[in-house]
Protein chains: 2
Amino acid sequence: MFVLGIDPGLSRCGYGYVERTPGGVRAVAAGVLTTDADLAVPRRLADLQAELRSLLDELGPDVVAVERVLFSANARTAMGVAQAAGVAMAEASSRGIDVVEYSPNEVKHAICGFGSADKAQVERMVQTLLRIESPLRPVDAADAVALALCHLAHEPLRRRAAIATTTPGAGA
Amino acid sequence: MFVLGIDPGLSRCGYGYVERTPGGVRAVAAGVLTTDADLAVPRRLADLQAELRSLLDELGPDVVAVERVLFSANARTAMGVAQAAGVAMAEASSRGIDVVEYSPNEVKHAICGFGSADKAQVERMVQTLLRIESPLRPVDAADAVALALCHLAHEPLRRRAAIATTTPGAGA
């Protein structure tokens, strides 16, 4: 199974493409999509859309895992993040790809075992899970890989839940 | 000049297509795009994207005027509005259409002459400007027409500002 994690943002949009193998997990690709801060927001969203389209065409993931935008943080930044997340979710879903959102706390809990883990702990766990020698950089790419790994951790439970709700008589 | 106003929303996305004629303004089309609230957000964004694509292909506006999302209101609703706005702006801008954002206060000021006008006053002014016998319904469509009319009010000034910044020696 191939999962593309997306840490949405208008200035920096992280992505991490992870494969579940019989022996564990493997990061196939990771990086950051950026847009020119000197351009108007609509143009930047269109540029991000074009880059995401290329990425989805090239990689063809089974699932896209996107960070759920929360509005407790800086409202100005949150708006750009929400707009970028909207573009990413629409592009993936319109291709028939399953799109799942995870909150930052769900990611921390899935990767580190507790929702209050700090960023450095998440990065070290990502490094350990991928069996790489130094922390994955840039940080946005590591965050996106963490989202993909979070989905792989949740996926068996999601599948069982889906079977329970679609099997006739189940849960009755 | 043809302007498409878009009042973004995930549940209800208003649109209003307005033409400036020698004698004034004319609403060519107006309505609301809706998505199924029972579906997941990514699916709804993809459905909205498909409807917006059809609308842009069919109408071919010169300019798209989108309501600027503010986060002072309900944060849950604001997230869906920002995601829908992101999809709309990316779709229009990727077609090379000029996209302009206006805040609710800018719309009220342009239509009614003061930024503290209430919704009923804006609707009555839209009705007067379009010379129609009853208020335009649904309200989301009337709000989108108001956005398009706001752009037409701002447009001469925007054009003069663009000339001033691109003419050699101007403003020196």
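Report on the accompanying structure. It should be emphasised that the depicted structure is a prediction, and the values quoted were computed from it without experimental measurement.

**Quick notes on the interface of chain A and chain B**
Point 1. With 23 residues of chain A in contact, the opposing surface of chain B contributes 23 residues.
Point 2. Between chain A and chain B, a total of about 1900 Å² is buried, with carbon and sulfur atoms accounting for 66% of that surface.
Point 3. Taken as a group, P42(A), F71(A) and M79(A) account for 26% of the area that chain A buries against chain B, more than any other trio of residues on that side.
Point 4. The interface formed by chain A and chain B holds two salt bridges in total.
Point 5. Notably, a salt bridge pairs E91(A) with R53(B), separated by 3.4 Å at the nearest N-O pair.
Point 6. Counting across the chain A and chain B interface gives eight residue pairs in polar contact (both at pLDDT 80 or more).

**Remarks on the pairing of strand β1 (residues 2–7) of chain B**
Along any regular strand the residues' side chains alternate between the sheet's two faces.
Point 1. Counted residue by residue, β1(B) has five buried out of six residues, so it is predominantly covered.
Point 2. In this structure, the hairpin formed by β1(B) and strand β2 (residues 12–21) of chain B is closed by a connection of four residues.

**Re the pattern of salt bridges**
Point 1. One pass over the full model with this rule turns up 22 salt bridges over all chains.
Point 2. Connected through salt bridges with shared partners, the residues R53(A), D57(A), E91(A), R95(A), R53(B), D57(B), E91(B) and R95(B) form a single ionic network.

**Brief notes about the relation of the copies chain A and chain B**
Point 1. Between chain A and chain B, the superposition needs a rotation of 180° and an axial shift of 0.0 Å, giving an RMSD of 0.0 Å. Such values leave the two copies arranged in the relation of a two-fold axis.
Point 2. A symmetric contact is evident, with 100% of the interface residues of chain A recurring at the interface of chain B.

**Observations regarding the pairing of strand β4 (residues 63–67) of chain A**
Residue and element names in this part refer to chain A.
Point 1. The element β4 is largely enclosed, with a buried count of four among its five residues.
Point 2. With five bridges joining them, β4 and strand β5 (residues 98–102) adopt parallel strand pairing. What sits directly across from V64, in β5, is V99.

**Topic: the sheet that holds strand β4 (residues 63–67) of chain B**
Strands belonging to one sheet form pairs held by backbone hydrogen bonds; the direction of such a pair is parallel or antiparallel.
Residue and element names in this part refer to chain B.
Point 1. Here we have five strands laid out as an open sheet, ordered β3-β2-β1-β4-β5, and mixed in their pairing. What marks the edges here is a single partner per strand, and that holds for β3 (24–34) and β5 (98–102). Each neighbouring strand pair of the sheet contributes to a mean axis angle of 20°, computed without reference to strand direction.
Point 2. Pairing geometry for β1 and β4, over four bridges, is parallel. Note that in β4 the partner of G5 across the bridge is A65.
Point 3. Across the sheet, helix α1 (residues 41–59) touches β1, β2, β3 and β4, and the angle it forms with β3 is around 155°.

**Looking at the environment of V145(A)**
Residues and elements named next belong to chain A.
Point 1. With respect to the helices and strands, V145 occurs in helix α5 (residues 139–166).
Point 2. The sequence separation of V145 and A29 amounts to 116 residues, and the corresponding C-alpha distance is 9.1 Å.
Point 3. With sequence-adjacent residues up to four places away left out, V145 is seen in contact with G16, V18, A30, V126, L130 and L136.

**Details of the sheet that holds strand β1 (residues 2–7) of chain A**
Residue and element names in this part refer to chain A.
Point 1. Spatial strand order, β3-β2-β1-β4-β5: five strands in an open sheet with mixed pairing. Looking at strand neighbours, the two that pair on one side only are β3 (24–34) and β5, the edges of this open sheet. Each neighbouring strand pair of the sheet contributes to a mean axis angle of 20°, computed without reference to strand direction.
Point 2. Where strand β2 (residues 12–21) meets β3, 10 bridges bridge the pair, whose relative direction is antiparallel. In the strand pairing of β3, G16 is matched with A30.
Point 3. Packing of α5 onto the sheet brings it into contact with β1, β2, β3, β4 and β5, and relative to β2 it is tilted by some 45°.

**What about helix α2 (residues 75–94) of chain A?**
Point 1. Compared with an ideal rise of 1.5 Å per residue, which puts 20 residues at 28 Å, α2(A) spans 28 Å between its outermost C-alpha atoms and is within 8% of the ideal.
Point 2. Just downstream of α2(A) lies G96(A), where phi reads positive at about 85°.

**Digging into the packing of helix α1 (residues 41–59) of chain A against α2(A)**
Residues and elements named next belong to chain A.
Point 1. Across the interface, α1 lies against α2 with an axial gap of 10 Å and an inter-helix angle of 35°. In this structure, α1 meets α2 at a crossing whose hand is right-handed. Residues V41, L45, L48, Q49, L52, R53 and L56 of α1 lie in contact with α2, whose contacting residues are Q83, A84, V87, A88, E91 and A92.
Point 2. Considering only residue class, the contact of α1 with α2 consists of nine nonpolar, two polar and two charged.

**A few points about the environment of V99(B)**
Point 1. With respect to the helices and strands, V99(B) occurs in strand β5.
Point 2. When the C-alpha positions of V99(B) and V87(B) are compared, they lie 12 Å apart, and in sequence the two are 12 residues distant.
Point 3. Among residues more than four places away in sequence, those in contact with V99(B) are P42(A), V64(B), V66(B), M89(B), A92(B) and S93(B).

Conventions used here
Residues numbered from 1 in each chain as written. Chains lettered and ligands numbered in written order. Predicted model: local features only at pLDDT ≥ 70, side-chain atom pairs only at ≥ 80, totals over all residues. Heavy atoms only, no water. Contact = heavy atoms within 4.5 Å. Buried area = accessible area lost by both parts, 1.4 Å probe. Salt bridge = Lys/Arg side-chain N within 4 Å of Asp/Glu carboxyl O. Polar contact = N/O pair within 3.5 Å; in protein donor to acceptor, adjacent residues only side chain to side chain. Buried < 20%, exposed > 50% of the residue type's maximum accessible area, 1.4 Å probe, protein only. Helix = DSSP H or I, 4+ residues; strand = E, 2+ residues; numbered from the N terminus. Pairing = 2+ DSSP bridges. Least-squares fit on C-alpha atoms with pLDDT ≥ 70 in both. Axes fitted to C-alpha atoms, helices over the stretch in contact; angles between N-to-C directions. Expected span 1.5 Å × (residues − 1). Left-handed = near helix turned anticlockwise from the far one by under 90°. Nonpolar A, V, L, I, M, F, W, Y, C, P; charged D, E, K, R; others polar.

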